[in-house]
Amino acid sequence: MIMTRSAMPFIPMRESLATSTEPKPLVSQLLGERLELVEDLWETVLRSECPPEQADRLVQLKQLSATDPLEGGATILPNATSTDAIVQLIRGMDLSEAIAAARAFSLYFQLVNILEQHIEEDSYLESLKLQPEPPSTDPFLPPLASQTEPATFRELFQRLRNLNVPPAQIENLLRELDIRLVFTAHPTEIVRHTVRHKQRKVAALIQQLQRSSLANIEDDQRIRLQLEEEIRLWWRTDELHQFKPSVLDEVDYALHYFQQVLFDAMPQLRQRLRTALSGSYPDVLSPRDAFCSFGSWVGSDRDGNPSVTPEITWRTACYQRQLMLERYIHSVGKLRDQLSISMQWSQVSPALLESLEMDRLRFPEIYEERAARYRLEPYRLKLSYTLERLQLTRQRNQQLVDAGWESPCDGHSGLPSAFIGDGSGVGNLASPPPPELHYGSVDEFRADLELVRDSLESTGLGCEALESLLSQVHIFAFCLASLDIRQESTRHSDALDEVSRYLQLPVPYGEMDEEQRVSWLLTELKTRRPLVSPAVRWSDATHETLAVFRMLQRLQQEFGARICRTYVISMSHTVSDLLEVLLLAKEAGLVDPLAPHSSLLVVPLFETVEDLQRAPAVMERLFCEPFYRALIASGEEGGPPLQEVMLGYSDSNKDSGFLSSNWEIHKAQIALEELASQHGVALRLFHGRGGSVGRGGGPAYQAILAQPSGTLKGRIKITEQGEVLASKYSLPELALYNLETMTTAVLQNSLVSAPVDDTPSWNELMARLAARSRDHYRALVHDNPDLVAFFQQVTPIEEISKLQISSRPARRKSGAKDLSSLRAIPWVFGWTQSRFLLPSWFGVGAALEEELHRDPGQLELLRLLHQRWPFFRMLISKVEMTLSKVDIDLAHHYVQALGREENRDAFERIFQTIAAEFQRTRDLVLRIAGQERLLDSDPALQLSVDLRNRTIVPLGYLQVALLRRLRDQNRQPPMSEATAAGQDGRTYSRSELLRGALLTINGIAAGMRNTG
């Protein structure tokens, strides 16, 4: 169960599972103070930007979100009288005012999001202050396995020392530490890049205002006026995307977080770990700088996205290298200014002096230009040569963009021998610079920097800026983030079927059974004989599939294997799915059958429940094949062979429901780790989850602790996507908090050896619960013939598909309207907008109730599991958080207002089934957790959920009203506003109504945060 901490929707400052019944003083105080500021700013801007009567109604609409506690309920909601008044106000609005209301509430929630991110930052900074060390004999310290409060490096290492964990064990674990975060482009975070920029400016000004509160009143007034001005500019900016983003637009959006935050945050993360480690384990060696590194699917994930072509992936790699080169050029320039050391006053290492002589021969022009100025300043001279080589490397990178991936490779530059560009994007026929002048690899650049560092250290000097730069070079290299290729399994089998028919095999590949396929694939893999003729004209799909592998070979030749070594096969079912990719890779020169060696790591993605159950058998068949075993051993220097396996949360959840999906993933991890250990294979589990609980989301720290004991061993790989990127990496200290606590969770889990996951009675109980939950879920979602129509009519799914937020289609098959064709992201997004949040909890209550009906005494066992089993505690915690955001009354309004007349009875039966399951699940979760209200154990989160739930109600009613008008327009000629609301009789087009509906989707997404 891997989830992301920041997918928690609000302000879980430390994600505590403690039993405190009051919000933490710091959290409640800061929320109260800053919420007052945000609400005052919001009202001021509305009164400046809207007509007076309209502004009054918008303020009144928010004031009607009054509180009325529901006994034992999920949240605090407006009472019935207030709700009626809200509905009446909305009915009296014309379209322009409805749009203004949607924008106003969207603005409010985005301001609250900024506020809560700053509170989380402040809480983290507070936790870094020195506190007394806990005594090693404290009898009240919980076991390490039960320590679910997120910990900083200092707190964790102090705790481990007090538990007498041996230094050798810590050092061995740190040596293996390998945390990989993979950014993806799944766009559940739908805020425009332009608006995000304005949000950063507002966030900075709010921070300034907080810091100046103890200064003079003139500063406060000045910053306050700046804030109002910036928010007014934001108000006048269109929130909706003006066009469907291209893949390269998505690349730019994802890389923004590196440019703004992560480049500078990563060296700080390394330093905080080293400082904390030295305080508790001074003799233990720190992990390598790249213990936490990054990958990306943006520009390389082609599963269901025809826009991701080989050329796009090539341009993405070049773009990433360009960003890194520009960053390094800037940093080296600053270093040259800083290292003004003179040979008259300091010694210089012989190795550095020797390298300067070599550089003089290679760059006589630089020597002539700089030698006089830097005659006695060897570090500045050396860094001048380094700058020149970086600039030549950047120039060459632009040439590669212009030439494209299919340009012939000369063995050095990767370009046609006559081609060179001048950096402006225009090619000419001048001769390229000698290939040895630019940096052929990041190792050459790092060697130059290390030469400077070693010379400084030999004279007793250090340079923090140089150390930070070296850390960045280790982490990001020249490629910034490794690109993972992903493609659906049938694309490979279809290509090989076409090839086999061209070769006139006795049995075409598509007609072979699994054993025949495996036998044929292994035979072909072990020979160097080409299978694919370059002269044949293949179908477009097969040509594209083959081109991807040729482009991959070209990428690795130019950038090194690090740029793109992983190939993920979605919808993996069988052994042949992996061997097919290896055979196609062999045809492109990525696999040498005689060595044997593979420069490509093939990663199966097991997504459905059936595939998760089948995964151990598939991998065992591969591990038992000597040729495959030799290939996975060839990619790692020393150590055991490495196999990466990806586990899919989204499709398994859509297929079988929340509880069944999580249990099958849990079991698969245990079985795969046991299998890998038996075969001497190092296993790296890749958790593919989104922001919502229904797609694996939730608080990351507890989620990592809930991984089965013994499955991590310091290695984990996780996708980061959607609103998760904005909520985790938009602010420097917030990013550091998430990176630090994720790392401490991996360390903590890897050190825990308590085999609670092996308790037979617990596993038998979970197996029963999972089976019952799956049956109940599938009876509604898959077996009820009216469910698809229900989902399409009572959620804004069709309107969501019209948001210009993704280069990838919402459905796997164009034109298909069935559930199987719908991707998991819009599936979750639609249920969230209509406040059902069904994928994250449905079926849990029925399973628990049936278990307790069979044996009422099981309640005590369930409570015991909640206390002692991190996996079960995490399940209940995630369900509890999701239930706290469900608004069953508002969801009923969606059903009644948007369901068509002919479906009314069927839809009402579906709703009653959902409502009964909601009540059942909520009551049982409260009994198991021993609480009166949901989230009583996390008052800070409860406070924020209550705030959002009561304030988001008007947006829900607004959305229903606009969707109803829009859909009526689609079934009849345009109606006038006089018909709809008794106003001035203006007729609105469908596009205007759609725009209003889309703005409410934006607003609810901002309020709910973990939307998909």
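Residues numbered from 1 in each chain as written. Predicted model: local features only at pLDDT ≥ 70, side-chain atom pairs only at ≥ 80, totals over all residues. Heavy atoms only, no water.

Novice: Break down the side chain of serine 489 for me, with residues and values.
Specialist: Along the polypeptide, serine 489 turns up in helix H16 (residues 489-502). A relative accessible area of 3% means that serine 489 is categorised as buried. There is a polar contact of 2.9 Å between the side chain of serine 489 and the backbone oxygen of methionine 571. Contacts of serine 489, omitting those with residues within four sequence positions, involve Ile569, Ser570, Met571, His573, Asp577 and Glu580. (Helix = DSSP H or I, 4+ residues; strand = E, 2+ residues; numbered from the N terminus. Buried < 20%, exposed > 50% of the residue type's maximum accessible area, 1.4 Å probe, protein only. Polar contact = N/O pair within 3.5 Å; in protein donor to acceptor, adjacent residues only side chain to side chain. Contact = heavy atoms within 4.5 Å.)

Novice: How would you sum up the environment of leucine 277? Please name residues and give values.
Specialist: On the secondary structure map, leucine 277 appears in helix H9 (residues 247-280). Remark: the alpha-carbon pair of leucine 277 and arginine 154, spanning 123 residues in sequence, is separated by 7.2 Å. If we ignore the near neighbours within four places in the chain, the residues touching leucine 277 are Phe157, Ile170, Leu174, Pro282, Val284, Leu285 and Ser286.

Novice: Help me get a handle on the sheet that holds strand S7 (residues 482-488), residues and values and all.
Specialist: Taken together, 8 strands build a closed barrel; the order of strands is S3-S4-S7-S8-S11-S12-S13-S14 and the barrel is parallel. Within the sheet, the average angular offset between the axes of one strand and its neighbour, ignoring direction, is 25°. Contacts from helix H26 (residues 732-751) reach strand S3 (178-183), strand S4 (292-296) and strand S14 (715-720), with the element oriented near 135° to S3. (Pairing = 2+ DSSP bridges. Axes fitted to C-alpha atoms, helices over the stretch in contact; angles between N-to-C directions.)

Novice: Could you give me a rundown of the side chain of lysine 717, with the residues and numbers involved?
Specialist: For lysine 717, the position within the fold is in strand S14. The buried category is assigned to lysine 717, whose relative accessible area is 4%. Within the local environment of lysine 717, its side chain forms a polar contact with the side chain of glutamate 644, the two groups lying 2.9 Å apart. Not counting the four nearest positions on each side in its chain, lysine 717 is found in contact with Arg180, Val182, Asp484, Thr566, Glu644, Arg684, Leu685, Phe686 and His687.

Novice: Run through the pattern of salt bridges, naming residues and quoting values.
Specialist: In a structure, side chains of opposite charge can pair up when their charged atoms sit close to one another. This model, assessed by the stated rule, comprises 63 salt bridges. For aspartate 655, the salt bridge is made with arginine 778, and the minimal N-O distance between the two is 2.9 Å. In this pair, aspartate 655 sits in helix H22 (residues 650-656) while arginine 778 sits in helix H27 (residues 760-781), placing the two residues 123 residues apart along the sequence. Residues participating in the shared-partner salt-bridge network are Asp178, Arg180, Arg288, Asp484, Glu644, Arg684 and Lys717. (Salt bridge = Lys/Arg side-chain N within 4 Å of Asp/Glu carboxyl O.)

Novice: I'd love a proper account of the nonpolar core, names of residues and values included.
Specialist: One finds Ile170, Phe258, Phe549, Leu579 and Met619 to be the most contacted residues of the largest nonpolar core, which totals 157 residues. Tallying contributions element by element places H9 first for this core, with 15 residues. If you look at the next biggest cluster of nonpolar residues, it comprises 129 residues, including Phe658, Trp663, Tyr777 and Leu838. (Core = buried A, V, L, I, M, F, W, Y, C linked by side-chain atoms within 4.5 Å.)

Novice: Account for the pairing of S14, naming residues and giving values.
Specialist: Taking burial as the measure, the 6 residues of S14 include 6 buried ones, the bulk of the element. The side-chain alternation of S14 yields two buried faces, one formed by Arg715, Lys717 and Thr719 and the other by Ile716, Ile718 and Glu720. With 6 bridges joining them, S3 and S14 adopt parallel strand pairing. What sits directly across from arginine 180, in S14, is lysine 717. Where strand S13 (residues 682-688) meets S14, 2 bridges bridge the pair, whose relative direction is parallel. The partner of histidine 687 across the bridge, within S14, is isoleucine 718.

Novice: How would you sum up the pairing of S4? Please name residues and give values.
Specialist: Along S4, 5 of the 5 residues are buried, which leaves the element largely enclosed by surrounding structure. Every second residue of S4 is oriented toward a common face, with Cys292, Phe294 and Ser296 on one face and Ser293 and Gly295 on the other, all of them buried. Relative to S4, S3 runs parallel, the two being bridged by 5 bridges. Each residue of the ladder has a partner; that of isoleucine 179, found in S4, is cysteine 292. With 2 bridges connecting them, S4 and S7 associate as parallel partners. The residue of S7 that forms the bridge with glycine 295 is serine 482.

Novice: Which residues make up the packing of helix H23 (residues 658-678) against helix H33 (residues 870-883), and what values do they have?
Specialist: In contact at an axis separation of 12 Å, H23 and H33 are set at 155° when each is read in the N-to-C sense. On the basis of their axis angle, the class for H23 and H33 is roughly antiparallel. In the crossing of H23 with H33, the sense of the turn from one axis to the other is right-handed. Note on element contacts: H33 touches H23 through Phe871, Leu875, Lys878 and Val879, opposite Phe658, Asn662, Trp663 and His666. Across the contact of H23 with H33, the residue classes break down as 5 nonpolar, 2 polar and 1 charged. (Parallel < 35°, antiparallel > 145°, perpendicular 65-115°, else oblique. Left-handed = near helix turned anticlockwise from the far one by under 90°. Nonpolar A, V, L, I, M, F, W, Y, C, P; charged D, E, K, R; others polar.)

In short, the description is geometric, and any link to function would need to be established separately.
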